[in-house]
There are 2 protein chains.
Amino acid sequence: MTAAAHAQTTGAKTTYDLGNAVELVSKEEGHRQPLAPEFVSLEDFSPLEVAYDFGRIRREDIEAGPRSIWRYKQLLPVPSNVDEHPNTEPGCTRLVRADRLAKALGVKQIWIKDDTGNPTHSFKDRVVAVALAAAREFGFKVLACPSTGNLANAVAAAAARAGWDSVVLVPSTLERAKILMSAVYDGSLLAVDGNYDDVNRLATELAAEHEDWAFVNVNVRPYYSEGSKTLAFEVAEQLGWRIPEQIVVPIASGSQLTKVDKGFRELTQVGLVEDSPVRIFGAQATGCSPVASAFKEGHDVVQPVRPDTIARSLAIGAPADGPYVLDVVRRTNGAIEDVTDEEVVEGIRLLARTEGIFAETAGGVTVATAKKLIEAGKIDPDQETVLLITGDGLKTLDAVQDKVGPKATVAPSTEAVNAALGL
Amino acid sequence: MTAAAHAQTTGAKTTYDLGNAVELVSKEEGHRQPLAPEFVSLEDFSPLEVAYDFGRIRREDIEAGPRSIWRYKQLLPVPSNVDEHPNTEPGCTRLVRADRLAKALGVKQIWIKDDTGNPTHSFKDRVVAVALAAAREFGFKVLACPSTGNLANAVAAAAARAGWDSVVLVPSTLERAKILMSAVYDGSLLAVDGNYDDVNRLATELAAEHEDWAFVNVNVRPYYSEGSKTLAFEVAEQLGWRIPEQIVVPIASGSQLTKVDKGFRELTQVGLVEDSPVRIFGAQATGCSPVASAFKEGHDVVQPVRPDTIARSLAIGAPADGPYVLDVVRRTNGAIEDVTDEEVVEGIRLLARTEGIFAETAGGVTVATAKKLIEAGKIDPDQETVLLITGDGLKTLDAVQDKVGPKATVAPSTEAVNAALGL
């Protein structure tokens with residue numbers, strides 16, 4: 001049975017149980033429509049976003065909840081029994097007080113939100129878990145995505161855990177390691193002869209054709225993207241229920257940055273935290289920096305680019321949420337900066353060296369951009385700064401392979417070791 | 001200043017603050033000696049183990065503690081302010097109710113303790129964190145280890161986070177990925193021309209020569225190994241403060257299995273859980289199964305072997321704690337079994353397919369051994385079973401590379417996708 005069929009059988013006007021979510025709103029002109037697996041407004045052709053009617057939400061109830069993103073289920077578009085279905089239980093990752101990194105960067109205080117601790121080691125587990133919960137409610141039967149890495153892993157793992165079929169589409173040129181990591185969960189992984197743009201277009205066509213396939217980042221995207229708010233929720237709770245002064249967020253499609261902002265605003269709206277300003281900064285790799293360029297040039301629109309960077313998980317040349325990122329960053333008095341691939345690798349190494357955290361290239365972008373923004377006086381060194389580290393270095397080993405290695409190769413003797421270490 | 005010098009300057013009889021730990025006891029004859037960075041009894045030449053004088057320990061105090069192994073600090077050989085020093089904050093990993101795996105194996109209930117969520121994605125973060133805390137108290141200045149993988153990552157990361165120097169010794173033939181993962185934290189990684197036995201012997205020599213180097217698994221081993229108890233503590237707390245009925249633990253040196261047993265016994269001793277029997281099962285790869293062989297043949301001693309298995313993190317041919325493993329397994333009415341490399345890969349795939357958890361080869365050993373023990377009627381299918389998944393599949397990708405991959409490579413068209421999926 002397709003999702004559409006499911007909707008029909010349950011009545012003329014279907015009402016879904018998605019918690020406090022009440023409708024979809026178009027981002028441009030605010031047109032409202034019922035909750036459904038749709039992602040673009042047919043009124044103004046802008047993306048649809050979930051709107052809520054929050055009841056009373058208390059810190060105590062959240063704190064008594066599960067150690068996963070479901071503790072925030074009242075703030076997400078998911079059924080109230082969401083945690084009773086098998087899921088990967090993402091979230092509640094570490095917020096690390098990074099004093100050594102702060103010292104290296106010459107600022108007062110830095111916090112690392114370390115999302116490498118998620119089940120498949122990236123923040124994608126958060127958004128996929130929310131997408132799966134909504135997809136189940138809509139009656140979908142198959143979890144699907146186009147991806148070049150982290151999302152493929154997260155979808156394949158989440159579907160396996162839930163007992164769903166999955167269809168994961170990746171470019172056939174993808175690195176062997178990423179293929180293996182997506183294939184091991186035994187869903188339907190298909191290598192597509194084409195680049196990521198081809199794969200993405202194919203996904204949209206397939207979503208239209210297969211009504212029981214939930215492409216997490218296509219037809220259930222409004223629900224999926226809400227999962228990124230949990231980064232904001234966790235940071236605020238881990239800081240003792242307050243909003244940080246400054247935060248640096250990597251930009252791919254731009255969705256994460258806008259949802260982090262939305263998360264902080266919703267916490268304030270429902271009274272879980274006091275209203276206080278947060279400056280939101282965006283980070284891009286120079287090889288794919290359309291949003292940074294638009295910000296610097298004072299534009300409201302984002303000119304697409306052809307990506308060329310080692311930070312592949314951020315390499316979206318035509319970022320869908322780019323304009324909204326510009327709005328958020330300008331409204332919060334932040335900034336957007338970009339860094340070279342060389343700086344990305346240095347960012348990875350700086351974080352590893354100072355805090356023992358091994359980030360993927362996107363994390364290197366965030367750290368290096370923070371460094372650049374500090375040096376330019378844009379990030380205030382006297383205020384705290386949170387850095388979002390959204391993925392794991394084990395997934396992008398190629399980035400560091402020419403830069404790190406043994407100090408020396410020695411004979412198995414104490415003399416040889418001492419000599420190599422200059423002792 | 002060396003550790004020995006540090007001890008001298010603080011008085012004739014040094015007392016260290018290691019919490020409730022009071023002395024070291026030899027495992028064979030129970031000789032007692034003061035807490036110190038020593039690992040073998042000079043009385044009976046058996047390994048030394050930490051003994052405690054536990055005061056009153058309450059569930060509420062633990063539950064109010066940090067979300068890391070430090071919530072159990074009263075049960076570990078660490079100073080009471082241990083969590084005030086920068087550390088990787090390992091532990092509090094997921095305990096996953098694995099209903100799909102249980103169904104596949106034909107048993108009532110399985111729980112997966114998923115230690116891939118630790119900071120460097122293996123249980124080694126637990127033992128290294130305890131070793132570092134004790135080493136700091138003893139006055140050591142450098143964190144060191146011989147290793148072929150997970151331990152190297154954990155030591156290098158923990159030292160970086162703490163601002164310590166590290167010396168990590170690995171065989172020069174180690175896979176490039178493991179070298180990179182150890183090198184990125186920028187300690188002194190040395191590749192040694194020789195096999196792991198050579199590297200291990202070299203570590204013992206260096207520990208004798210450099211009195212301010214704490215080799216976590218050599219001269220501070222009694223403290224290090226206590227970290228594995230936290231697996232038992234967390235499982236019990238996550239089950240609602242009770243001991244599981246059955247548990248399967250992989251065997252390398254055998255230390256982890258004996259410490260899981262010690263952990264459960266200490267919880268009972270201090271009254272945190274009710275006394276109830278737990279059957280402890282051991283898992284080995286057939287290519288390195290000296291403890292399984294001794295168990296099956298009814299021997300009390302373990303005959304060393306030359307390892308030949310893809311489960312390299314378990315490939316210790318002469319396991320130091322082998323005899324103690326035999327004691328625990330026999331006392332608790334468990335069993336020890338071993339599985340072929342082919343079964344290991346099938347174990348990895350079974351866990352990934354059913355629960356969306358991607359384990360390293362050691363995890364494949366645990367799952368495959370559990371399957372074998374269930375089929376042989378040794379694990380009771382009507383009782384619950386906990387499986388310890390101690391490391392991450394991303395670290396042993398080679399094991400699955402010939403077995404998993406895309407279902408098909410297709411042209412970028414819906415027709416091609418549908419045909420490939422038989423739709």
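Residues numbered from 1 in each chain as written. Chains lettered and ligands numbered in written order. Predicted model: local features only at pLDDT ≥ 70, side-chain atom pairs only at ≥ 80, totals over all residues. Heavy atoms only, no water.

Per an unreviewed UniProt entry, chain A is named Threonine synthase, and its organism is Saccharopolyspora erythraea. Database annotation for chain A, UniProt heading Cofactor (unreviewed entry): "pyridoxal 5'-phosphate". As stated in UniProt under Sequence similarities (unreviewed entry), the record for chain A gives "Belongs to the threonine synthase family." (UniProt positions renumbered as here; feature names shortened; annotations may be inferred.)

S.K.: Tell me about the relation of the copies chain B and chain A, and name the residues and values.
M.R.: With an RMSD of 0.0 Å, the operation that places chain B on chain A is a rotation of 180° combined with a shift of 0.0 Å along the axis. Both copies are brought into coincidence by an operation consistent with a two-fold rotation axis. Within chain B, the C-alpha atom positioned nearest to the axis of rotation is that of Gly117(B), 2.5 Å from it. Mapped onto chain A, 100% of the interface residues of chain B again fall at the interface, so both copies present the same surface. (Least-squares fit on C-alpha atoms with pLDDT ≥ 70 in both. Contact = heavy atoms within 4.5 Å.)

S.K.: Tell me what's going on with the domain arrangement of chain A, and back it up with residues and numbers.
M.R.: Residue and element names in this part refer to chain A. When the domains of chain A are assigned, the result is domain 1 (94-121 + 225-399) and domain 2 (141-219). A separation of 26 Å is found between the C-alpha centroids of domain 1 and domain 2. In this assembly, 5 residues from domain 1 lie in contact with 9 residues from domain 2. For the pair domain 1 and domain 2, the interface holds 0 salt bridges. At the boundary of domain 1 and domain 2, one finds 2 residue pairs in polar contact (both at pLDDT 80 or more). When its residues are assigned to classes, the side of domain 1 that touches domain 2 shows no nonpolar, 2 polar and 3 charged. (Domains from an automatic or database assignment. Salt bridge = Lys/Arg side-chain N within 4 Å of Asp/Glu carboxyl O. Polar contact = N/O pair within 3.5 Å; in protein donor to acceptor, adjacent residues only side chain to side chain. Nonpolar A, V, L, I, M, F, W, Y, C, P; charged D, E, K, R; others polar.)

S.K.: Got a sec to walk through the nonpolar core? Specific residues and values, please.
M.R.: Within the largest apolar cluster, 266 residues are counted, with the highest numbers of intra-cluster contacts made by Ile112(A), Leu143(A), Ile112(B) and Leu143(B). Among residues more than four places away in sequence, those in contact with Ile112(A) are Arg94(A), Leu95(A), Val96(A), Ala98(A), Leu101(A), Leu351(A), Ile357(A), Leu387(A) and Ile389(A). Counting 17 residues, the second largest nonpolar core, distinct from the first, contains Val167(A), Leu190(A), Ala207(A) and Val218(A). (Core = buried A, V, L, I, M, F, W, Y, C linked by side-chain atoms within 4.5 Å. Buried < 20%, exposed > 50% of the residue type's maximum accessible area, 1.4 Å probe, protein only.)

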